[in-house]
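So the chains spell out like this:
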Amino acid sequence: RIFDIYIDDGYSGANFQRPEFQRMMEDIRAGKVNCVLVKDLSRFGRDYIEAGRLIQKTFPAFSVRFIAVTDNYDSLYADRAESSLIVPVKNFVNDAYCRDISIKVKAQQQVKRLEGKCISAFAVYGYRKDPDDKNALIIDEYAADVVRKIFAWKTAGMSMAAIADKLNQSGVLSPMEYKKSLGMKYYTGFGGNGPAKWAARSVKRVLENQVYIGTMVQGKEEKVNYKLKKRIYKPREEWVYVENTHEAMISEVEFRTVQDLLKYDGRKSEDSDCASLFSGILICGDCRTPMIRRVNHYKGREKVFYICQTKNRSLGCSRHSIREEQLKQIVFKEIRAWLELMASYSDILEYLEELHVNYDQVAEYDSQIGALSVEYKKYCDLKNSLHIDLKEGLIDRKEFDELYRLYERKCEGLETSMAAQKKIIKDMFRNGVAAKTRLDQIRETLEIHELTRELLVTTVRRIYVYEDKRLEIEFRFVNEMEKPALMRKLCHGKFAVQEVR
């Protein structure tokens, strides 16, 4: 008589932790079932070790008859050969099929990752899946506005905890709760008891995610194997990055600025939710640790200065003390001069655009790349000539191996240098629009007579303070500014002439 029918629709046969299968086993243990009937062995399960254990040990122990119809197997009438040889072989084939499918699926997923297609079940916060293409992302304006505010607040100096508190107080749903509010069956291991709230770690995940600058980042974790659901995180260098796969909501300039600030994420000041003006930017020039802000009150007067954090903890170094007001004046003066230089940089970019000069043209005529190419060719020729010298007996095998390794290292070093120079030019073109947009926004600050946090972090990456009061200011766009003057001269001599022709 049929006692019940057990169907695990949508579950993999690679494991036996299926709800209906487990319910069947409970009925067997309770003595309610004494015969199991399946279409074939693959419908029973595709893990040959577990399937064999159940068929040959567990079922006999409970006096359960097992029948696989299309495989012509019936444990009541099966002989030793069928039970010990045929069934294990068929189970092994079913297991191998499952493993083969897993390999093919992983390979196809990797192809899609390398093509920059989104293969995750859910879009990252700030984006949503394109209705016309499930592998493409489009901006979710509501969530994107929250992301932009998070980056702006961080740039203004707010700590991650302060940003999280502000979002919670404003009633902004966390990424998890927002997806649930849209009707998505979204779950994450970062959740706790009750509705998920914004926290410092969730704000940090937003600030560090390159997806917001148009770069698809995937392959962060993988399953241990096809039989287990457990996933392990992969090293960052093994992640798959594909640029310009979707519309960016944060400029690369702003993103890089925030990444610099995250390296020295300062605490909020006592009188506001924001970090102090120079937090995360002011560094001791000798021990390379962040400077800390100190306020002295004497006879109703307030004196603000910065000292080395290492010295403050009595761990060495020296005070490197500098007054805040003096620091503001010096830095603001240097920033004004830097902005004037950047204005000329903007003019050069406009000149290059008017000539319709592209990256490949500039890289082809760049003098530094040209010099490196000549040097590279020289060592390649030397390396190739070693085979002739060895054949003619001018050098022995030991000398050949030593010289070959030497020239090989030289070639690799020159290749790296050429790639770095080309990247500088590429960055100059790629960041040109963003840099000019930022310049248009901050050029007005030439008329402002006060140093603000936004102006500081937009223009300066680091300020190093030395014991002799000397300051070393590391400005942004330094690499991009090394080339423009040379490019203008180069383009005037090469491309402008071609244009006249």
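Residues numbered from 1 in each chain as written. Predicted model: local features only at pLDDT ≥ 70, side-chain atom pairs only at ≥ 80, totals over all residues. Heavy atoms only, no water.

(A) Representation of the nonpolar core within the structure. Membership of the largest hydrophobic core comes to 34 residues, with the highest contact counts inside it found for Tyr125, Ile150, Phe151, Trp198 and Tyr212. Those elements that provide at least two residues to this core are strand 5 (133-139), helix 5 (141-155), helix 6 (160-169), helix 8 (200-208) and helix 9 (252-263). Top contributing element to this core by residue count: helix 5, with seven residues. Discounting residues that sit within four places of it in the chain, Trp198 has contacts with Tyr125, Val146, Ile150, Ala164, Leu167, Asn168, Val172, Leu173, Ser174, Pro175, Val203 and Val206. If you look at the next biggest cluster of nonpolar residues, it comprises 24 residues, including Leu282, Tyr306, Val331 and Ile463. (Core = buried A, V, L, I, M, F, W, Y, C linked by side-chain atoms within 4.5 Å. Buried < 20%, exposed > 50% of the residue type's maximum accessible area, 1.4 Å probe, protein only. Helix = DSSP H or I, 4+ residues; strand = E, 2+ residues; numbered from the N terminus. Contact = heavy atoms within 4.5 Å.)

(B) Quick look at the confidence of the model for the chain. Within the chain, residue pLDDT values average 80, and 79% of them lie at 70 or more. Per-element mean pLDDT across the chain ranges from 38 in helix 19 (residues 495-500) up to 94 in strand 1 (residues 35-38). Segment residues 493-501: pLDDT under 50, and 12 contacts once partners within four positions in sequence are set aside and those in other chains are kept. (pLDDT = per-residue confidence, 0-100.)

(C) The sheet that holds strand 3 (residues 73-74), seen in detail. Reading across the sheet, the three strands line up as 1-2-3 and stay open at both edges, with mixed pairing between neighbours. Across the chains shown, the open sheet's two edge strands, defined by having one partner strand only, are strand 1 and strand 3. Strand direction decides the pairing type here: strand 1 and strand 2 (residues 65-68), joined by four bridges, are parallel. Note on strand 2: the bridge partner recorded for Cys35 is Arg65. (Pairing = 2+ DSSP bridges.)

(D) Main features of the state of the cysteines. Summed over all chains, the structure comprises zero disulfides. Free cysteine Cys284: the closest other cysteine sulfur is in Cys287, separated by 3.5 Å. Under the relative-accessibility criterion, Cys284 is labelled buried at 0%. No disulfide involves Cys380; its sulfur sits 3.6 Å from that of Cys411, the nearest cysteine. By relative accessible area, Cys380 is classed as buried at 17%. (Disulfide = S-S within 2.5 Å.)

(E) Structural context of the pattern of salt bridges. Summed over all chains, the structure comprises 19 salt bridges. Taking the shortest distance from any N to any O, the salt bridge between Lys117 and Glu115 comes out at 3.4 Å. Look at Lys117 and you get partly exposed, because its relative accessible area is 34%. Accessibility expressed as a relative area gives 48% for Glu115, which makes it partly exposed. (Salt bridge = Lys/Arg side-chain N within 4 Å of Asp/Glu carboxyl O.)

(F) A look at unusual backbone geometry. The backbone of Arg288 sits at a positive phi, close to 60 degrees, despite the residue not being glycine. Position of Arg288 relative to the elements: it lies in the loop between strand 10 (282-284) and strand 11 (291-298). Phi at Lys469 is positive, roughly 75 degrees, even though this residue is not glycine. Along the chain, Lys469 turns up in the loop between strand 14 (460-465) and strand 15 (471-475).

(G) The side chain of Lys383, seen in detail. Of note, Lys383 is situated in helix 13 (residues 367-391). At 2.8 Å, the side chain of Lys383 and the side chain of Glu408 are in polar contact. When residues no more than four places from it in sequence are discounted, the contact partners of Lys383 are Tyr404, Tyr407 and Glu408. (Polar contact = N/O pair within 3.5 Å; in protein donor to acceptor, adjacent residues only side chain to side chain.)

(H) Seen up close, the sheet that holds strand 15. Reading across from one edge, 10-14-15 is the order of the three strands in this open sheet, with mixed pairing throughout. The open sheet is flanked by strand 10 and strand 15, the only strands paired with a single partner. Shown here is a sheet whose adjacent strand axes are inclined to one another by a mean of 25 degrees, direction ignored. Both strand 14 and strand 15 contribute to a ladder of five bridges, which runs antiparallel. (Axes fitted to C-alpha atoms, helices over the stretch in contact; angles between N-to-C directions.)

(I) View of a nonpolar patch on the surface. On the surface, Leu85, Ile86, Val89 and Val93 cluster together to form a nonpolar patch covering roughly 350 Å² of accessible area. For Ile86, the location among the structural elements is in helix 4 (residues 80-114). (Patch = residues over 30% accessible without salt bridge, like charges linked within 9 Å, V, L, I, M, F, W, Y side chains within 5 Å. Areas by Shrake-Rupley, 256 points an atom, 1.4 Å probe, with all protein chains shown as cover.)

(J) Region of the structure containing the packing of aromatic side chains. Under the defined criterion, the tally for this structure stands at 17 aromatic pairs. Ring geometry for Phe66 versus Tyr73: centroids 6.2 Å apart, planes at 50 degrees, classification tilted. Of the two residues, Phe66 and Tyr73, both sit in the buried class. Arranged with centres 5.4 Å apart and planes meeting at 25 degrees, the rings of Tyr142 and Tyr178 form a pair that is stacked. Of the two residues, Tyr142 is situated in helix 5 and Tyr178 in helix 7 (residues 175-181); the sequence distance between them amounts to 36 residues. According to the relative accessible area criterion, Tyr178 is buried, its value standing at 11%. Three or more aromatic residues joined by ring pairs make a cluster, and in this case those are Phe16, Phe21, Phe44, Phe59, Phe66 and Tyr73. We note Arg470 situated over the ring of Tyr466; from NZ or CZ to the ring centre the distance is 4.0 Å. (Phe/Tyr/Trp six-rings, centres within 6.5 Å; stacked < 30°, edge-to-face > 60°. Lys NZ or Arg CZ within 6 Å of the ring centre and 35° of its normal.)

(K) Quick peek at the pairing of strand 5. Examined bridge by bridge, strand 4 (residues 127-130) and strand 5 share four bridges and lie antiparallel to one another. Across the sheet, Arg128 pairs through a bridge with Ile138, a residue of strand 5. Between strand 4 and the antiparallel strand that follows it, strand 5, lie two residues.

(L) Structural detail: a positive patch on the surface. A grouping of Arg301, Lys303, Lys311, Arg319, Arg323 and Lys469 is seen on the molecular surface, where their side chains present a positively charged patch. For Lys311, the position within the fold is in helix 10 (residues 309-312). (Lys, Arg positive; Asp, Glu negative; His and termini not counted. Charge placed at Lys NZ, Arg CZ, Asp CG, Glu CD.)

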